[in-house]
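# Commentary on secondary and tertiary structure
Residues per chain, in single letters:
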Amino acid sequence: MRKILVGLTILLLSCSAAGAGEVSTAGGGAAMSLIQYQGNTQSRTDDRPPRPQRYLCVVPPRQSDDRTRPYVCRASAGRVGGTCRCPNVVGTGRLDLDY
């Protein structure tokens, strides 16, 4: 009985070692290799989290102001295109996203 168990153990180990490298399909005889999962499925190359959206309030200058560029200040999150105000600036503006 002991000889049979030793023989079966050797047979089992030799079959598993021979089959570990390559598995053949039953129908076509084509070989396919075993693929091991590496554990990394991220497509991004950096580990930084994505930047959160920042909102800006854009107030156009009055006609009496001697400037052509609008006044811009940071604003709290809200509906883009809605009205907003900047501190120390006269008038209202529109909420926009900072790109």
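Figured I'd write up the structure that's included with this text.

Criteria and thresholds
- Residues numbered from 1 in each chain as written.
- Predicted model: local features only at pLDDT ≥ 70, side-chain atom pairs only at ≥ 80, totals over all residues.
- Heavy atoms only, no water.
- Core = buried A, V, L, I, M, F, W, Y, C linked by side-chain atoms within 4.5 Å.
- Buried < 20%, exposed > 50% of the residue type's maximum accessible area, 1.4 Å probe, protein only.
- Helix = DSSP H or I, 4+ residues; strand = E, 2+ residues; numbered from the N terminus.
- Contact = heavy atoms within 4.5 Å.
- Disulfide = S-S within 2.5 Å.
- Salt bridge = Lys/Arg side-chain N within 4 Å of Asp/Glu carboxyl O.
- Pairing = 2+ DSSP bridges.
- Phe/Tyr/Trp six-rings, centres within 6.5 Å; stacked < 30°, edge-to-face > 60°.
- Lys NZ or Arg CZ within 6 Å of the ring centre and 35° of its normal.

### A look at the nonpolar core
If you look at the biggest cluster of nonpolar residues, it comprises nine residues: Tyr55, Cys57, Val59, Cys73, Cys84, Cys86, Val89, Leu95 and Leu97. For this core, the secondary-structure elements that each account for two or more residues are strand E3 (54-59) and strand E6 (93-98). Those residues within four positions of Leu97 in sequence are excluded, and the remaining contacts are Gln53, Arg54, Tyr55 and Val80.

### Considerations on the state of the cysteines
Enumeration according to the criterion identifies two disulfides in this entry. Bridging Cys57 to Cys84, the disulfide has an S-S length of 2.0 Å. Linking Cys57 and Cys84, the disulfide has an S-S dihedral of approximately 95 degrees and is accordingly described as right-handed. Of this pair, Cys57 sits in strand E3 while Cys84 sits in strand E5 (residues 83-84), placing them 27 residues apart in sequence. In terms of burial, Cys57 and Cys84 fall into one category: buried. Here Cys73 is linked by a disulfide to Cys86, with a sulfur-sulfur distance of 2.0 Å. As the torsion about the S-S bond is roughly -95 degrees, the Cys73-Cys86 disulfide counts as left-handed.

### Describing the pattern of salt bridges
For the structure on display, the rule yields one salt bridge. With a closest N to O distance of 3.4 Å, Arg62 and Asp65 form a salt bridge.

### Focus on the sheet that holds E3
Ordered by their spatial adjacency, four strands build an open sheet running E4-E3-E6-E5, and the pairing between neighbours is antiparallel. If you trace the sheet from one side to the other, it starts and ends with strand E4 (71-75) and E5, each paired once. Pairing analysis gives five bridges linking E3 to E6, with the strands arranged antiparallel. For Leu56, the partnering residue across the bridge sits in E6 and is Asp96.

### Remarks on the packing of aromatic side chains
Within the structure shown, the criterion is met by zero aromatic pairs. Sitting above the plane of the Tyr71 ring, Arg67 keeps its charged end 4.1 Å from the centroid.

### Comments concerning unusual backbone geometry
Although it is not a glycine, Asn88 adopts a positive phi angle of roughly 65 degrees. Tracing the chain through its elements places Asn88 in the loop between E5 and E6. We classify Asn88 as exposed; its relative accessible area is 86%.

### Let's talk about the environment of Val58
Mapped onto the elements, Val58 comes out in strand E3. Look at Val58 and you get partly exposed, because its relative accessible area is 25%. For the pair Val58 and Ala75, spaced 17 residues apart in sequence, the C-alpha to C-alpha distance is 9.5 Å. When residues no more than four places from it in sequence are discounted, the contact partners of Val58 are Pro70, Tyr71, Val72, Cys84, Gly93, Arg94 and Asp96.

Honestly, that's just the spatial picture; any functional story needs more than this.
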